[in-house]
Amino acid sequence: MGQAFRLKRVYDPAEREDGLRVLVDRLWPRGMRKEEARVDIWMKDIAPSPALRQWFGHRPERFEEFGRRYQEELQWDTDHRECVKELMKHLEKGTVTLLYAARDEIHNHAVILKQYLDDAQK
């Protein structure tokens, strides 16, 4: 199993290739039972702050600015930085799949988080 961060909707079936499955949403996914989700770690504190999440409101036209603000949180907020360190440690053991609930697979915080983590590895 290679060492990489992957993205996946939490509603998609779990697969062996997922490695460690980490839910990166602040809220538990609607209609999803814990047994179905097969989440190894629920890392609420890595999600965008409630204020930022509400401002974004899943509006694609705000995605670029949302990404810039979320990256600032990841870089400067203590809780976010600790979560980033923890994810990097897990990656040393193999694949880490970042799970999210958003319907939009392009305009969501997990996309930004994965890019941030990938950049941090370089």
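It should be noted that the structure appears before, not after, this text.
Structural notes, computed from the coordinates. As the structure is a prediction and not an experimental result, all values here were calculated from the model.

### Quick look at unusual backbone geometry
We note that Arg38 has phi near 50 degrees; this positive angle belongs to a residue other than glycine. Look at Arg38 and you get partly exposed, because its relative accessible area is 49%. Phi is positive for His58, close to 55 degrees, though the residue is something other than glycine.

### Points about helix α3 (residues 63-76)
Within an α-helix, residues lying three or four positions from one another point in the same direction, as the helix has 3.6 residues per turn. The end-to-end C-alpha separation of α3 is 20 Å, in line with the 20 Å expected for 14 residues at 1.5 Å each. Along α3, the positions that sit buried rather than exposed are Phe63, Phe66, Gly67, Tyr70, Glu73 and Leu74. Looking straight down α3, one finds that the buried residues subtend no more than 120 degrees of arc, so they occupy a single side. Counted as exposed and oriented over 90 degrees from the buried face of α3: Glu64 and Trp76. Packed against the buried residues of α3 are α2 (50-56), α4 (78-91) and α5 (109-121).

### Looking at the pattern of salt bridges
Between side chains of opposite charge, a pair can form when the charged atoms approach closely. According to the stated counting rule, one finds 13 salt bridges in the structure shown. Between Arg26 and Asp45 there is a salt bridge, and its shortest N-O distance comes to 4.0 Å. Of this pair, Arg26 sits in the loop between β2 (20-23) and α1 (34-37) while Asp45 sits in the loop between β3 (41-42) and α2, placing them 19 residues apart in sequence. Overall, the relative accessible area of 23% leaves Arg26 in the partly exposed class. A single salt-bridge network, built from bridges that share partners, covers Arg6, Lys8, Glu15, Asp18 and Arg21.

Conventions used here
Residues numbered from 1 in each chain as written. Predicted model: local features only at pLDDT ≥ 70, side-chain atom pairs only at ≥ 80, totals over all residues. Heavy atoms only, no water. Buried < 20%, exposed > 50% of the residue type's maximum accessible area, 1.4 Å probe, protein only. Helix = DSSP H or I, 4+ residues; strand = E, 2+ residues; numbered from the N terminus. Expected span 1.5 Å × (residues − 1). Arc of directions from axis to C-beta. Contact = heavy atoms within 4.5 Å. Salt bridge = Lys/Arg side-chain N within 4 Å of Asp/Glu carboxyl O.

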